[in-house]
Amino acid sequence: MSPFEYAPAPESAAVVDIASSYGLFIGGQFVPATGGTPFKTVNPATEEVLAEVSEASTDDVDAAVAAARTAYTRVWSRMSGADRGKYLFRIARILQERAREFAVLETLDNGKPIKESRDVDLPLAAAHFFYHAGWADKLDHASLGPNPRPVGVVGQIVPWNFPMLMLAWKVAPALACGNTVVLKPAETTPLTALLFAEVCQQADLPPGVVNIVTGAGATGQAIVDHPGIDKLAFTGSTAVGKMIARSIAGTRKRATLELGGKAANIIFDDAPIDQAVEGIVNGIFFNQGHVCCAGSRILVQENIAEDLDRRLKRRLATLRVGDPMDKNTDVGAINSRKQLDRIEEMVAIGEAEGAQRWDSGCELPTNGFWFRPTVFSGVSQTHRIAQEEIFGPVVSVLTFRTPAEAVAKANNTPYGLSAGVWTEKGSRILWMADQLRAGVVWANTFNKFDPTSPFGGYKESGYGREGGRHGLEAYVTTAGPLERASEAARSKGASK
Ligand code: NAD
């Protein structure tokens, strides 16, 4: 029994103004949608409706692409890099100034703990704009090839797990390189993108440089199929990523795909064990495990497996699950009923496969969508819970004896986004990083992000990189004059 009573520390929702309904942001203004069926976005922690949001039809997507094309040809691609950089710096500063408002709105719409939206999502989103603002007038020095030029109009589709951060990862480099964008947020988390539209107005961004259309898969598909789109940037599931790759095959559209993951978090017997436990917690319970690069498979050296199991469970029992607006909360709400159903289905599969399920046993709120931090032990490589993404607060524990076995097991998934290595030996870290087929390998830490560092996957985790100098490559072309002339003719045709 605790010697003191728990005192919640709730963040106030009063800092945000949520409209009852939203239009689309096209050509620098909010406009009503034509034809689509409006849908509601709910707070997953309470199931309360937050707002009604428009569904963009193919006509609306057409209008957004046309606005982006006009802004591209008349203004944005002609502007000097230094001037584009000023707009990006301005947006970055506004994001910092309005960070509290954005963090609260993100938490209400997404269900993530306020301490994460406040301390991770928003600072990083602003950092991405600052970082790319700095590149805007230095593209000639970024080793991108001769005379780097923008690609044109970029279609960007983002998921619900880091709505504002994924927007920043996509919009900031696109704009820095001189492209204009049509962005679609996920259907369950559209509100921070719509608030970002206001930031674009506040920053006096030329109309049409950023267009935001809301809707679900059909709206996304309309962006993918639109002939006026020059490049697609997609973050989401591997299944939809494959559909997009098939849709654009044979067209001149370029694409970068940031897809799913099933990262191994590898703990050697010489690792600082308590730090490793914290790394596991951060790796899989951060953002309710709704993280593409989450450390969802623990690979622990066999001789310390029992000790780690005991320490991990003791730590998980202290995690506070509940109201995401409470500043003490560690694990918030699952983003949607659909995602909760998916987690429950995968957990039932894990039990049916014979793995041992343990959960922290904490109390859960009655309304909203929740799942207790859960550990599966006795997992083998063939189990579906060791191969498929669960995208929730559930971790599978496997064991290994030698570094070579750890590498073989870590690489034995269709994915290749990230991995963690916990050991005292620097030489082993370097050897493991070389052997692991993962775009990012963290050593004695996990889930650390920085705009200067490229992020992306191997295998079915997608292709292309976001962030760093490498992330700029997707947003420029170094085509020669002939190829550029034919691209210009095609763009002219597409904008008619
Ligand atoms: P999802 O693929 O269902 O949806 C992602 C986005 O694509 C949403 O905006 C959705 O409306 C849109 N969409 C759906 N169908 C579409 C279609 N046919 N054409 C075009 N757009 C379409 O994924 P989700 O459930 O929203 O997100 C979770 C997935 O995203 C997980 O698999 C996760 O690993 C992945 N993810 C990857 C990264 C990364 O950087 N690699 C980051 C975050 C999330």
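Model, not experiment: these values are computed from the prediction.

**So, the sheet that holds strand S14 (residues 356-359)**
Strand order in the open sheet made by the seven strands is S14-S15-S16-S13-S12-S17-S18, with mixed pairing throughout. The sheet is open, and its two borders are formed by S14 and strand S18 (440-443), each paired with just one other strand. Looking at each pair of strands side by side, their axes are set apart by 20 degrees on average, direction ignored. Where strand S12 (residues 264-267) lies against strand S17 (residues 418-422), four bridges are found, and the strand directions are parallel. Looking at the pairing, Ala-264 lines up with Ala-419 of S17.

**Observations concerning the domain arrangement of the protein chain**
If you check the domain split of the protein chain, you get domain 1 (13-259 + 461-495) and domain 2 (264-443). Taken together, the contact pairs 27 residues of domain 1 with 29 residues of domain 2. Applying the counting rule to domain 1 against domain 2 returns one salt bridge. Residues Lys-115 and Asp-330 are paired through a salt bridge, measuring 2.6 Å at the closest nitrogen-oxygen approach.

**Focus: the packing of helix H4 (residues 114-135) against helix H5 (residues 163-176)**
The contact between H4 and H5 brings their axes to 9 Å, and the two run at 5 degrees. Between H4 and H5, the angle is such that the two are roughly parallel. Across from Asp-121, Leu-122, Leu-124, Ala-125, His-128, Phe-129 and His-132 in H4, the residues of H5 making contact are Met-164, Leu-165, Ala-168, Trp-169, Val-171, Ala-172, Pro-173 and Ala-176. When grouped by side-chain class, the residues that make up the contact of H4 with H5 number 12 nonpolar, two polar and one charged.

**Structural notes on the UniProt feature "active site" (unreviewed entry) in the protein chain**
In this numbering, the UniProt entry assigns the feature "active site" (unreviewed entry) to Glu-258. In this structure, Glu-258 sits in strand S11 (residues 254-258). By relative accessible area, Glu-258 is classed as buried at 5%. For Glu-258, the residues in contact, after removing those within four places along its chain, are Phe-234, Thr-235, Gly-236, Phe-455, Gly-456, Gly-457, Ser-461, Gly-464, Arg-465 and Glu-466.

**Quick look at the sheet that holds strand S4 (residues 39-42)**
The sheet built from three strands is open, its strands ordered S1-S5-S4 with mixed pairing. In the strand order of this sheet, the two ends are held by strand S1 (21-22) and S4, each with one partner. Relative to strand S5 (residues 49-53), S4 runs antiparallel, the two sharing four bridges. Within the sheet, the bridge partner assigned to Thr-41 lies in S5 and is Ala-51. Here helix H6 (residues 191-202) sits on the sheet and contacts S1, S4 and S5; the angle it forms with S5, its principal contact strand, is near 65 degrees.

**Notes on the packing of aromatic side chains**
Summed over the entire model, instances satisfying the criterion amount to 12 aromatic pairs. Taken together, a centroid distance of 4.7 Å and an interplanar angle of 45 degrees make the contact between Trp-442 and Phe-446 tilted. Residues Trp-442 and Phe-446 agree in their burial class; the two are buried. Aromatic side chains Trp-442 and Phe-449 sit 5.8 Å apart centroid to centroid with 85 degrees between the ring planes, which places their arrangement in the edge-to-face category.

**Remarks on the layout of surface pockets**
Looking at the largest pocket, its volume works out to about 1,100 Å³. Elements with a contribution of two residues or more to the lining of the largest pocket: S4, helix H7 (217-225), strand S10 (231-235), helix H8 (238-248) and helix H11 (337-352). Broken down by element, the residue count for the lining of the largest pocket peaks at five residues, all from H8. Looking at side-chain class alone, the lining of the largest pocket contains 20 nonpolar, 15 polar and nine charged residues. The residue makeup of the lining of the largest pocket includes at least three contributed by each of domain 1 (13-259 + 461-495) and domain 2 (264-443).

**Brief notes about the site of the ligand**
Contacts to the ligand come from 28 residues, most closely from Lys-184, Glu-187, Ser-237, Leu-259 and Glu-389. Lys-184 is positioned with one of its side-chain polar atoms (N or O) 2.8 Å from an oxygen atom of the ligand. Interatomic distance of 3.0 Å between a side-chain N/O atom of Gln-221 and a nitrogen atom of the ligand. The fraction of the free accessible surface of the ligand (840 Å²) that becomes covered by protein chains is 90%. The cavity where the ligand resides is the largest pocket. Elements that contribute at least two residues to the shell around the ligand include exactly H7, S10 and H8. If you tally residues by element for the shell around the ligand, the top one is H7, at four residues. Split into classes, the residues belonging to the shell around the ligand amount to 16 nonpolar, eight polar and four charged.

Criteria and cut-off values
- Residues numbered from 1 in each chain as written.
- Predicted model: local features only at pLDDT ≥ 70, side-chain atom pairs only at ≥ 80, totals over all residues.
- Heavy atoms only, no water.
- Pairing = 2+ DSSP bridges.
- Helix = DSSP H or I, 4+ residues; strand = E, 2+ residues; numbered from the N terminus.
- Axes fitted to C-alpha atoms, helices over the stretch in contact; angles between N-to-C directions.
- Domains from an automatic or database assignment.
- Contact = heavy atoms within 4.5 Å.
- Salt bridge = Lys/Arg side-chain N within 4 Å of Asp/Glu carboxyl O.
- Parallel < 35°, antiparallel > 145°, perpendicular 65-115°, else oblique.
- Nonpolar A, V, L, I, M, F, W, Y, C, P; charged D, E, K, R; others polar.
- UniProt positions renumbered as here; feature names shortened; annotations may be inferred.
- Buried < 20%, exposed > 50% of the residue type's maximum accessible area, 1.4 Å probe, protein only.
- Phe/Tyr/Trp six-rings, centres within 6.5 Å; stacked < 30°, edge-to-face > 60°.
- 1 Å grid on protein atoms, 1.4 Å probe; cavity = no way out; pocket = protein on both sides within 12 Å on 5 of 7 lines; lining within 4 Å.
- Points joined across faces, edges and corners; volume = space filled by probe spheres on them.
- Near = heavy atom within 4 Å.
- Polar contact = N/O pair within 3.5 Å; in protein donor to acceptor, adjacent residues only side chain to side chain.
- Areas by Shrake-Rupley, 256 points an atom, 1.4 Å probe, with all protein chains shown as cover.
- Sits in = over half its atoms within 2 Å of the grid points.

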